[in-house]
Amino acid sequence: MSILGELGSLGALAVFSGLALNLLLQFGIGISEIVEPSDSRETQWASLFSPHWIILFVSSFALWLFFTYVLIPPAFGFLESFLYFPAALLVSMVLELVFAYFFPGGRVTPAAFESLVHRKTNRGSFKPGKLAGHISLNAAGLPRYSGNGLAPAALFLTLRLAISPVDALVLCLGFSLGCLVAALILREIDKRSSLETAPGVLRGAPLTIISMGLLSLIFSAVSAIFFRVLGVF
Amino acid sequence: MKGTPIQSHIFWGAHAPLSTLTGAGLMVVATSHLAFALTLTGALIWVNVLTVVIVSFGKTLLPKKGRELLCVFLACFSGSLYLLLIFFASPFLAMEITFLITLIPLYSTGSGICRRVEGLENEDAILKAFLEALVFGGILIALALIREPLGSGSLSLPGGSQGMVVLGVGGTGAYFPVHIIANASGGLLLLGYGLALFRRRKARSGGEDEQ
């Protein structure tokens, strides 16, 4: 019975992870930074090989461990939430530099893995200043993917919902996969809006945001049905 | 050193909130209640101005390398100070808007204000930071004034023992609030159409030439 209970709670968490997509769409945080400009030479599935989903997953899980086990909870009280953004930024930036060092092409492809295993690439020493030159920056001069709000948002939700490392692992994984699916959907919408006959003023960001609103509505309804079926919350 | 004049228009320019959409998430979640929008406008002005004041006056002391990172820490510190002030004034309101206020430093640093005011005189930099926050706050209040009465049939103001004072708009008559507008989905839809309208108006007023 206890095993079934555990499986039930894990199932509920997995469903919530799917909900993360809805939350992500609701918040609209950082998604514009994630959705790269459409490139006709690349297929939409090229996003799957982007390391940013792995960075998001690793950084949110590592930060969950830090905020749960290392930082003493009453130390900062309710002001602790203001540490999420700088902490997430630092961890993601370091991970981004590590990925730039090991995968200079910017994609975690089988070929890049093969090159890594057989040490075909002459990488030299780990110099953050030099590696930073290969990372794209946003308007604030911060790394494009670390400087958005996805990692702090994932951390905020995970810290409030996960009570064990397994819960945290499932939530972080679900959040990263949710982001990936959201990015794929938004890229497709963006691509379609340039092909279909849409009014000029609606093309691009307005149409994407309107589509996000409609998708958010659908996911809200679907997740409510799932929760009712599972009997949680 | 003579400062560079402010080139980009604060509402129609290339760095205007509706052009960059850095705070789209904040616009959606903060405009469900007018009380939240008003409190967050104060937070925006506080965080933007305080961060720029520290960066401008500490120009010679702050390191050039990694200044952007320092801006993140400064913005978060300013945000936590504001939350502390709100907590002293109204603990209930502070509890309700903690997550929303954590998004303010995210918007402030994401808009690149620290980077853009680097070449300006201190007074110009502070004025620019204040005006940018005021414009974004104005958009938040305008959206909240549409969403709350239509979506919930009420209008809330910060204050009171519960943190918010709710005023009925529709009365007890046959008024049916359109709940979807109060939800995040409705916020996104409204923002999308609002953005289209903004672009149309901007194109007509020749705002694009400025970019």
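Residues numbered from 1 in each chain as written. Chains lettered and ligands numbered in written order. Predicted model: local features only at pLDDT ≥ 70, side-chain atom pairs only at ≥ 80, totals over all residues. Heavy atoms only, no water.

Colleague: Got a minute to help me understand the overall build of chain B in this structure?
Modeller: Each helix and strand in chain B was counted, giving 10 helices and 2 strands. Helices (α) and strands (β) of chain B occur, in sequence order from the N terminus, as α-α-α-α-α-α-α-β-β-α-α-α. Within chain B, the proportion of its 211 residues that are buried is 51%. Restricting the contact set of chain B to residue pairs at least 6 apart, pairs at least 24 apart contribute 74%. Roughly 9,700 Å² of accessible area belongs to chain B as shown, and the carbon and sulfur atoms make up 66% of that amount. (Helix = DSSP H or I, 4+ residues; strand = E, 2+ residues; numbered from the N terminus. Buried < 20%, exposed > 50% of the residue type's maximum accessible area, 1.4 Å probe, protein only. Contact = heavy atoms within 4.5 Å. Areas by Shrake-Rupley, 256 points an atom, 1.4 Å probe, with all protein chains shown as cover.)

Colleague: Help me understand the overall build of chain A, please; the structure alone is not making it clear to me.
Modeller: A count of helices and strands for chain A gives 9 helices and 0 strands. Counting only residues that meet the buried cut, chain A has 48% of its 233 residues in that class. By sequence separation, contacts in chain A at least 24 residues apart represent 76% of the contacts at least 6 residues apart. Element-wise, carbon and sulfur atoms account for 70% of the exposed surface of chain A, whose accessible area totals about 11,800 Å².

Colleague: In this structure, what is going on with the pairing of strand β2 (residues 164-168) of chain B? I would like to understand it.
Modeller: A regular strand places its side chains on the two faces of the sheet in alternate fashion. Residue and element names in this part refer to chain B. Sheet topology note: the strand β1 (residues 154-158)/β2 ladder contains 5 bridges and is antiparallel. Directly across from P158, in β2, lies its bridge partner M164. Hairpin connection of β1 to β2: 5 residues between the antiparallel strands, including G159 at a positive phi of 135°. (Pairing = 2+ DSSP bridges.)

Colleague: Explanation requested: the pattern of salt bridges in the structure shown.
Modeller: Close approach of charged atoms allows side chains of opposite charge to pair. Overall, the coordinates contain 4 salt bridges over all chains when judged by the stated rule. Close ionic contact of R192(A) with E188(A) constitutes a salt bridge, the shortest N to O distance being 3.3 Å. A residue pair is termed a helical-turn pair when its members lie 3 or 4 positions apart in one helix, as R192(A) and E188(A) do in helix α8 (residues 165-195) at 4 residues. Look at E188(A) and you get partly exposed, because its relative accessible area is 25%. For R115(B), the salt bridge is made with E68(B), and the minimal N-O distance between the two is 3.8 Å. Here the residue R115(B) occupies a position in helix α6 (residues 113-116), and E68(B) occupies one in helix α4 (residues 67-89), the gap between them amounting to 47 residues. Residues joined in a network through salt bridges with shared partners are R116(B), K128(B) and E132(B). (Salt bridge = Lys/Arg side-chain N within 4 Å of Asp/Glu carboxyl O.)

Colleague: Got a minute to help me understand the interface of chain A and chain B in this structure?
Modeller: Taken together, the contact pairs 36 residues of chain A with 38 residues of chain B. Summing the contributions of chain A and of chain B, the shared interface buries around 3,200 Å²; its carbon and sulfur component is 81%. Counting every contact that joins chain A to chain B gives 0 salt bridges. Between chain A and chain B we count 2 residue pairs in polar contact (both at pLDDT 80 or more) in total. At 10 residues, helix α9 (residues 205-230) of chain A tops the list of elements feeding residues into the side of chain A that touches chain B. The class makeup of the residues in the side of chain A that touches chain B is 25 nonpolar, 10 polar and 1 charged. (Buried area = accessible area lost by both parts, 1.4 Å probe. Polar contact = N/O pair within 3.5 Å; in protein donor to acceptor, adjacent residues only side chain to side chain. Nonpolar A, V, L, I, M, F, W, Y, C, P; charged D, E, K, R; others polar.)

Colleague: Explanation requested: the packing of helix α3 (residues 52-70) of chain A against α8(A) in the structure shown.
Modeller: Residues and elements named next belong to chain A. Interaxial distance between α3 and α8 falls to 9 Å at its minimum, and their mutual angle equals 150°. By the angle between their axes, α3 is roughly antiparallel relative to α8. Crossing of α3 against α8: the hand is right-handed. Side by side, α3 and α8 meet where W53, L56, F57, S60, F61, W64 and Y69 of the first sit next to P165, A168, L169, C172, L173, F175, S176, C179, L180 and A183 of the second. Residue composition of the contact of α3 with α8, by class: 15 nonpolar, 2 polar and no charged. (Axes fitted to C-alpha atoms, helices over the stretch in contact; angles between N-to-C directions. Parallel < 35°, antiparallel > 145°, perpendicular 65-115°, else oblique. Left-handed = near helix turned anticlockwise from the far one by under 90°.)

Colleague: In this structure, what is going on with a nonpolar patch on the surface? I would like to understand it.
Modeller: All names here are of chain A. Judged by side-chain polarity, L65, F66, Y69 and V70 come together as a nonpolar surface patch covering roughly 380 Å² of accessible area. Relative to the helices and strands, Y69 resides in helix α3. The exposure class of Y69 is exposed, given its relative accessible area of 51%. (Patch = residues over 30% accessible without salt bridge, like charges linked within 9 Å, V, L, I, M, F, W, Y side chains within 5 Å.)

Colleague: Can you help me understand the nonpolar core in this one?
Modeller: The nonpolar side chains of a soluble globular protein tend to be buried, and buried together. All names here are of chain B. Of all hydrophobic cores here, the largest spans 78 residues; its most connected members are M27, L40, L140 and L191. At 10 residues, the largest contribution of residues to this core is made by helix α5 (residues 91-110). Those residues within four positions of L40 in sequence are excluded, and the remaining contacts are A30, L100, I101, I104 and L140. Among the nonpolar cores identified, the runner-up in size contains 11 residues, and V55, C71, I113 and V117 belong to it. (Core = buried A, V, L, I, M, F, W, Y, C linked by side-chain atoms within 4.5 Å.)

Colleague: I tried to follow the packing of aromatic side chains on my own but got confused; where do I start?
Modeller: Geometrically, a pair of aromatic rings is defined through the distance of the ring centres and the angle of the planes. Residues and elements named next belong to chain A. On inspection of all chains with the given rule, the structure shows 8 aromatic pairs over all chains. Summarising the aromatic geometry, the rings of F66 and F67 are spaced 5.4 Å apart at their centres and angled 85° between planes, so their arrangement reads as edge-to-face. The exposure class assigned to F67 is buried, which follows from its relative accessible area of 4%. Plain terms: the ring middles of Y84 and F156 are 6.0 Å apart, the flat faces sit at 75° to each other, and that makes the pair edge-to-face. Taken together, the positions of Y84 in helix α4 (residues 84-102) and F156 in helix α7 (residues 150-161) put the pair 72 residues apart, joining distant regions of the chain. (Phe/Tyr/Trp six-rings, centres within 6.5 Å; stacked < 30°, edge-to-face > 60°.)

Colleague: Even after reading the chapter, I still don't get the environment of G77(A), so can you show me in this structure?
Modeller: Residues and elements named next belong to chain A. Topologically, G77 is positioned in the loop between α3 and α4. Assessed through its relative accessible area of 39%, G77 is described here as partly exposed. Each C-alpha atom, one on G77 and one on F66, is 16 Å from the other, the two residues being 11 residues apart in sequence.

Colleague: In this structure, what is going on with the confidence of the model for chain A? I would like to understand it.
Modeller: Any residue range with low pLDDT should be treated as having predicted coordinates unsuitable for detailed reading. Overall, the predicted model of chain A reaches an average pLDDT of 74, with 61% of residues at or above 70. At the low end of the mean pLDDT range in chain A sits helix α2 (residues 31-34) of chain A, at 59; at the high end sits α3(A), at 89. (pLDDT = per-residue confidence, 0-100.)

Colleague: So what exactly am I meant to see when it comes to the environment of V70(A) here?
Modeller: All names here are of chain A. Inspection of the secondary structure assignment puts V70 in helix α3. For V70, a relative accessible area of 57% puts it in the exposed group. With 107 residues separating them in the primary sequence, V70 and L177 have C-alpha atoms 27 Å apart.

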